[in-house]
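Understanding the architecture of this molecule
Residue-level listing of the chains:
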Amino acid sequence: MIFENKLAPVPAGEPGEGDGEGGDHDAKWKHGLFVPEQSETPVHSQNGQQHHGDDEMRPAGGALADTGHTEQLDRAGHPGENAEQKRHAGRPQPGARPENVAGPPIEYVRTKNAGGQRNRESNQHRMNWMTGQSDARFEAMKIGLLFDRIDQLVGVPLDQFLFGNLFVQRVGQWFHPLRNRVRAASATFALAPLAACNGSLSTIDPAGPSALRVADLWWWMLGGSLLLSALVFTLLFMALFRRGVADRQKPDRKNVWIGWLGLAMPIGVLSVLLVYALWVGERSLPTGTAAVRVEATAYNYGWTFCYEDGSCSEGVMRIPAERRVDIDITATDVIHSLWIPRLAGKMDAIPGQVNRLRIEAEAPGRYEAVCAEYCGIGHADHRFVVQAYDIGDTADALEAAR
Amino acid sequence: MTALVRMISGLVLWSVAFAVLYALQGLGCARGWTEPAVFGLTQTKAVLLAVWAGLIASQVVLLLWLMRRRDTQMERIGIAIGWIGLGATVITGLPILAISTCF
Amino acid sequence: MKAIQLHRDLTRIWEGEPGWRGVLTSVSHTDLGKRFIIAAAVFFGIGGVLAMLIRAQLATPESAFAGPEVYGQIFTMHGSIMMFLFAIPMLEGLAIYLLPKILGARDLAYPRLTALGWWCYLFGGSIMILALLGGVAPDAGWFLYPPLSGKEFTPGVNSDVWLLGITFVEISAMCAAIEIVVTILKFRAANMSLTRMPIMAWYLLATAGMMIFGFPPLILGSILLELERAFGWPFFQPELGGSPLLWQHLFWLFGHPEVYIIFLPAAGALSTIIPVMARTPLIGYGAIVTAVMALAFLSFGLWVHHMFTTGIPHMALGFFSAASVLVAIPTAVQIFAWIGTIWAGRPKFTLPMYYIVGFFIVFVLGGLTGVMLAIVPFDQQAHDTAFVTAHLHYVLVGGFVFPMLAAAYYWMPHATGRTRVMRLGIAAFWLILIGFNLTFLHMHLTGLLGMPRRMYTYPAEAGWTWLNLISSVGSFMQAFGFGLFAIDIALQRRVGNRSRRDPWNAETLEWAMPTPPPQYNFASLPTVDCREPLTRDRLLGAGLAAGRGLLGRTIGHRRETLAVDMVTGAPEHVAILPGPSIVPFQTALVIGGFFLSMLLSLYWLAPVFILGTAVMVWRWTATTGTTKDDGPVDTGQGDQLPTSFAVRGSVGYWGSVLAIAASATLFASLVFGHFFLWVVAPNWPPPGDFGAYFLEPALVTAGSLLALAAARIGARDFARSRNGAMISACSLALAVAGLLIGAIRHLPGPGEHSFAAVGWTLTSYAVFSAIVGLLAQIFITRRIASGHTTSDRPHELRIAAVWSDYGAAVALAVAWILSLSSASL
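A word on the overall build of chain B. Within chain B, the regular secondary structure consists of 4 helices and 2 strands. The C-alpha radius of gyration of chain B comes to 16 Å, more than 25% above the 13 Å expected for a compact globule of 103 residues. By principal-axis analysis of the C-alpha atoms, chain B measures approximately 50 × 25 × 15 Å. Counting across all 103 residues of chain B, residues that qualify as buried make up 42%. Sequence-distant contacts, at least 24 apart, represent 68% of the contacts inside chain B between residues at least 6 apart. Accessible area of chain B: about 5000 Å², with a carbon and sulfur share of 72%.

Below, the structure written as structure tokens:
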């Protein structure tokens, strides 16, 4: 039971924004131009963009044009009620489309632009049409034109073949001279922080096999994430700025988006990751016997370590280097967490239970450690140190450490 | 109401499966059923494998039952959810195959 | 003329009371939704100020800005406010405001319950803020791990503020969740089948379902910790057979679904706004519904990934790691469906679109780091470091705040009827986006370099100084951005020009009404036959206003809306809804009295308020219903439908079912706790003599079975229903007696060991449930006597039966669990 669309008159001041319906839609796209927003601001020469003979498009001077900008950007709908509009003589009729008002069809423009020559005259027309658009849309337009050029270079319309597009896109962008310079600069910029990876508590400056496996895992995941985010952002920006025939006329691309990108790709990537992850996790488990056992007890606010020979130490854990050490961790009051970032992952110290953590130091030295579970006001200073001594120098090292 | 419950049944069964597997693992390790029993597997692992296989089988049965009717969109969504339930039971149970049980 | 007359009549019926009384008695979902949103925004501001205090303290090493005690309160309150007082109420507010409108209904299912939820939120939130101002805010972290949050290590009232204040706010969340589910299932436009619903309704259905099952574990945990703190019942103390891990399981069983509860409505807003901005229908409606359901269920299988470092065996961690990795797939399906929709359309660069692009950038990065954290060995390095802080802000700000900012700009023209004023919004956007990334992007590195969370300061030698300073600068930039956003919204509200009715050319029914919306939403209710009713008929709004839909007439002073079949949307009955009432406000005050008496350690006062709450609930239900038979009513289109008084499956029944589902989840969590402690906790078995006992369980069995049978009598033969109700009530009393005697005789004192503490808790819960059932049956006898419940209007019988059945079942279960446990010890 739907309501008949009675011949109710369209209320005055409401130019139909009924875009998106079949016929109109086609008409718009024949022009092939990306139409980001209905422009209801009338075409006036004083509102026109100043064309300065180069590719730069600057906004028009004049307060009138600026308010036009503001209105266009800020009003989601049309500025029909705006008093200013009513003053302009050439007020568009309901249903008018800007491209019907100004400019030759863009096919014509395109031919002229073959080879990237800019036709001043057609650009002037285009700029008149662009009256009232904001800078953001100029940017969109420029990118759209770039895609145009790539289309021509390669001879394949962008929306024909999804993965080919991406390749073409990347290649096209890669060879752009300005982009190369930017790319080089950002690579240096991005790599600079890598030098800052070192630190006494750094997980990405590993000093033991367990931490090393995790650090490797991290770099692989970082690389994968960068690739995946590049994929998503590229698709997103292409979706936002592409121009071309809308897919509504074509068979539904649902299978590509949902089937391949949404399901198949993540399942593939994640399966590999999960298997790798479970393998790394297994390797770090305290299975089998270890060379040394240490009992660690956390309390507010210190650490006590007791060794197999019955001795104990406060705030310092002495272990042999290059040997597997199992730490049996517990707490006497609240939950703490024992963490030696350069050697291994952390393990909570929970009152009433004993958790075992396996660590190994690849070389003798001093390794910083912190408490990694909030345990009250002394949490920030609740630290300790691991002294790994060379197995050959046992007696001397122990003496020196004391 | 029944149509809605039918639609989500695949995932409801997964929830039950997940809870059962986690509970069994916890119980087995806490009770110390770590002696090798069947084909060199510990009791806990053997029980887990058997139960997991059973749960996968029940997911398959459910999926087949759901697939009998695919007229409405909700029924088709129900079949997709049935597949998801099956896949999730398999994947979330995978650690049973490869991981040491109680460490 | 008809339109004007109809508008006048409906306004007269649906408007609230004037003045202050109107504020206190309002049940208007439009107004209450706006109140929720505005209050949530205020709490966001408070939480934001706390964030700035954190960043001020961490900008430099060894800063003297805040000491560790104050810092503990600051970061705990920042997290608690943002999660409980901002995120959940904001999405509740959006749902409450929007749902009836997009579904084509006049109101939510339980208008007075909406009001109760609002007052509980306001009071609970105020308690928290007052505590902050008074320097006794919770300070043990937003997830309050015992033993640190227990009585020994937090002797002050701080943790109690959290436990009681948050539980008070949770009541509002539970009310909203139950109401949202019932509204979506029953109050839709005619012929709006479930698969013709706007996609937002599917998201909210899943979210509300998750809340119903996800919040009770937290409520239980809060009750247990409060019992431990107030009365010394040991649940989490290992010396007495408890385990701190029990809290963590209960908390995270709630905590993980919580973040998906926060994300899903935002994703629903995106699924609504993106097709409008791209001017093309959403790609893959069915796939998205599937993905949403997958997310809703899978998210309940992730909670242990917050506990990867607690010593749980690797295989168990593997289950949760696999599930955590799996959950990325339905998320990816949605992301690519959205990009595909933009691809297929002609996107408009409106301000909501800016925020949507911001969402993509920020949330995708957050999702990727989330997959990293799902990996056990990596998480064992990154857990409890700034890496996690960075990740959670990327997913929460990217996945909730950005979409909500887009939603604000999208729906402001609806709520206010005005358009935006200046370019402030753009400036706000860039400040927020850039400021956010400047705060949190390199924080991932800070965490990998070893900086733990919740440090009030750090040493200069650690090498984190520059990273922290940049984060602090970025946070101030963000703050400016949010400030500009607030100003922009206020300006639009006050100074914006009138906008036309449907500025976005959207498809959903909320745009088929005048903006700002009238209290009654639709003058007459639509019938839909496709997913995009406004495409079919752009002038639908005008037609409905003219009374051409259903119920385009008024009958006396009745508030009416259409109730439909749950799946097909075929019109089923006309629901009669209550008008303004002071009862919700009063009930919230009484509940507040209970929480305050616990907070102030006036424990003898607490039972008084519990009794008071029971009285208020009785009064509340007593005001529903009618003593007159009024038969079917005309729908205004020539059809006749019964009213809600006369149907069997009323909304009250379904609400009760869902409330019982929530209660059952709490019960199941408690039973889990019982077995968990038995198997895992140290210092078991409990000291003392235990053995089998059967007398008291037999008593309980007799009572329960009799109650179950008696309730069936009434269902079949109305004439004997009153007797059935009496018998049912007495049997439940017998069961209660059996439970209490069994506990007194066979359980040690609750403070002695966790077995006793859990046993007494189980007993109390069973007694409580049985008494609720008992009261429901007594209520029914009164209703039959007064003529409210008759053979033509029997639905209240069914409601009472469902409560007494549940009470009987719980009593039975608890009696035997305790008896068999005792036999096995």
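It is worth spelling out the interface of chain B and chain A at this point. The figure often quoted for interface size is the accessible area lost as the parts come together. Between chain B and chain A, the residue contacts involve 6 residues of the former and 6 residues of the latter. Counting each side, the surface lost to burial between chain B and chain A is near 500 Å², with a carbon and sulfur contribution of 77%. Run the count over chain B and chain A and you get 0 salt bridges. Where chain B meets chain A, there are 1 residue pair in polar contact (both at pLDDT 80 or more). When the residues that make up the side of chain B that touches chain A are grouped by side-chain class, the tally is 5 nonpolar, 1 polar and no charged.

Let us look at the side chain of Thr183 of chain C. All names here are of chain C. Along the chain, Thr183 turns up in helix H6 (residues 158-186). Given a relative accessible area of 0%, Thr183 falls into the buried group. Here Ala109 takes part through its backbone nitrogen, which lies 3.1 Å from a polar atom of the side chain of Thr183. Other than its neighbours up to four places away in sequence, Thr183 contacts Leu103, Asp107, Leu108 and Ala109.

Every contact between the two is made by 104 residues of chain C and, on the other side, 108 residues of chain A. Of the roughly 9100 Å² buried between chain C and chain A, counting both surfaces, carbon and sulfur atoms make up 68%. Our count for the chain C to chain A interface comes out at 0 salt bridges. Counting across the chain C and chain A interface gives 12 residue pairs in polar contact (both at pLDDT 80 or more). The class makeup of the residues in the side of chain C that touches chain A is 62 nonpolar, 26 polar and 16 charged.

So, on to the pattern of salt bridges. Residue and element names in this part refer to chain C. Tallied over the full model, the rule gives 19 salt bridges over all chains. Two residues, Asp529 and Arg536, come together in a salt bridge whose shortest N-O distance is 3.7 Å. Among the salt bridges present, the one from Arg793 reaches Asp629, with a minimum N-O distance of 3.0 Å. Linking Arg793 in the loop between helix H25 (754-786) and helix H26 (795-824) with Asp629 in the loop between helix H21 (606-622) and strand S3 (633-634), this pair joins segments that are 164 residues apart in sequence. Salt bridges sharing common partners tie together Asp502, Glu507 and Arg538.

Before going further, it helps to examine the side chain of Ser804 of chain C. As for its position among the elements, Ser804 of chain C is in helix H26. With residues up to four places along the chain from it excluded, the contact list for Ser804 of chain C reads Ala711, Ser728, Leu732, Gly773 and Gln777 of chain C.

To continue, consider the packing of aromatic side chains. According to the stated counting rule, one finds 75 aromatic pairs over all chains in the structure shown. A ring pair is formed by Phe667 of chain C and Tyr765 of chain C, whose centres lie 5.4 Å apart and whose planes are at 10°; its orientation type is stacked. Highlighted residues: Phe667 of chain C in helix H22 (residues 651-680) and Tyr765 of chain C in helix H25, separated in sequence by 98 residues. Its relative accessible area of 12% is what places Phe667 of chain C among the buried residues. Between Arg6 of chain B and the ring centre of Trp65 of chain B, over which it is positioned, the NZ or CZ distance is 4.4 Å. In this structure, Lys101 of chain C packs its charged tip against the face of Tyr97 of chain C, placed 4.2 Å from the ring centre.

Residues and elements named next belong to chain A. Reading across from one edge, S6-S12-S11-S8-S9 is the order of the 5 strands in this open sheet, with mixed pairing throughout. This sheet does not close on itself; its edge strands, each paired only once, are strand S6 (316-320) and strand S9 (347-349). For this sheet, the mean inter-axis angle between neighbouring strands, taken without regard to orientation, is 30°.

The next subject is the sheet that holds strand S4 (residues 302-307) of chain A. Residue and element names in this part refer to chain A. Overall, mixed pairing links the 5 strands, which are arranged S5-S4-S3-S7-S10 in an open sheet. Each having just a single partner strand, strand S5 (312-314) and strand S10 (355-359) make up the two edges of the open sheet. In this sheet, neighbouring strand axes are inclined to one another by 25° on average, regardless of whether the strands run parallel or antiparallel. Relative to S5, S4 runs antiparallel, the two being bridged by 3 bridges. Bridge pairing links Thr304 to Glu314 in S5.

Residue and element names in this part refer to chain C. Taking 1.5 Å as the rise per residue, helix H23 (residues 695-716) with 22 residues should run 32 Å; its terminal C-alpha atoms sit 32 Å apart, in good agreement. Taken residue by residue, H23 has Glu696, Pro697, Val700, Thr701, Gly703, Ser704, Ala707, Ala710, Ala711 and Gly714 as its buried positions. Looking at the buried residues of H23, the elements they touch are helix H24 (721-746), H25 and H26.

Compared with an ideal rise of 1.5 Å per residue, which puts 14 residues at 20 Å, helix H9 (residues 285-298) of chain C spans 20 Å between its outermost C-alpha atoms and is within 8% of the ideal. Burial analysis of H9 of chain C places 13 of its 14 residues in the buried class, which makes it a mostly covered element.

What follows is about the confidence of the model for chain B. Across chain B, the average pLDDT comes to 92, with 100% of residues at or above 70. Predicted complex, confidence summary: ipTM 0.96, pTM 0.85.

Our focus in this paragraph is the nonpolar core. One broad trend across soluble globular proteins is that nonpolar side chains are buried collectively. Judged by nonpolar contacts, the single largest core of 394 residues is most densely connected at Met317 and Ile340 of chain A together with Trp202, Tyr355 and Phe378 of chain C. Residue contributions to this core peak at 22 residues, all from helix H4 (residues 68-103) of chain C. Setting aside its immediate chain neighbours within four residues, Trp202 of chain C contacts Leu4 and Met7 of chain B together with Leu194, Thr195, Met197, Tyr285, Val289, Val292 and Met293 of chain C. Ala725, Ala776, Ile780 and Ile784 of chain C belong to the second largest nonpolar core, which has 6 residues in total.

So, about unusual backbone geometry. Going from Asn300 of chain A to Tyr301 of chain A, the amide bond is cis rather than trans, its omega being 0°. Note on placement: Tyr301 of chain A falls in the loop between strand S3 (292-299) and S4. A cis amide bond, omega 0°, links Pro146 of chain C with the succeeding residue Pro147 of chain C. Along the chain, Pro147 of chain C falls in the loop between helix H5 (111-133) and H6. The backbone of Glu62 of chain C sits at a positive phi, close to 50°, despite the residue not being glycine. Structurally, Glu62 of chain C is set in the loop between helix H3 (29-58) and H4. Unusually for a residue other than glycine, Asn521 of chain C sits at a positive phi of about 60°. Take Asn521 of chain C: it is sitting in the loop between helix H17 (465-495) and helix H18 (533-536). Residue Asn521 of chain C is classed as buried on the basis of its relative accessible area of 1%.

Cut-offs applied
- Residues numbered from 1 in each chain as written.
- Chains lettered and ligands numbered in written order.
- Predicted model: local features only at pLDDT ≥ 70, side-chain atom pairs only at ≥ 80, totals over all residues.
- Heavy atoms only, no water.
- Helix = DSSP H or I, 4+ residues; strand = E, 2+ residues; numbered from the N terminus.
- Rg over C-alpha atoms; globule rule 2.2 N^0.38 Å.
- Buried < 20%, exposed > 50% of the residue type's maximum accessible area, 1.4 Å probe, protein only.
- Contact = heavy atoms within 4.5 Å.
- Areas by Shrake-Rupley, 256 points an atom, 1.4 Å probe, with all protein chains shown as cover.
- Buried area = accessible area lost by both parts, 1.4 Å probe.
- Salt bridge = Lys/Arg side-chain N within 4 Å of Asp/Glu carboxyl O.
- Polar contact = N/O pair within 3.5 Å; in protein donor to acceptor, adjacent residues only side chain to side chain.
- Nonpolar A, V, L, I, M, F, W, Y, C, P; charged D, E, K, R; others polar.
- Phe/Tyr/Trp six-rings, centres within 6.5 Å; stacked < 30°, edge-to-face > 60°.
- Lys NZ or Arg CZ within 6 Å of the ring centre and 35° of its normal.
- Pairing = 2+ DSSP bridges.
- Axes fitted to C-alpha atoms, helices over the stretch in contact; angles between N-to-C directions.
- Expected span 1.5 Å × (residues − 1).
- pLDDT = per-residue confidence, 0-100.
- Core = buried A, V, L, I, M, F, W, Y, C linked by side-chain atoms within 4.5 Å.

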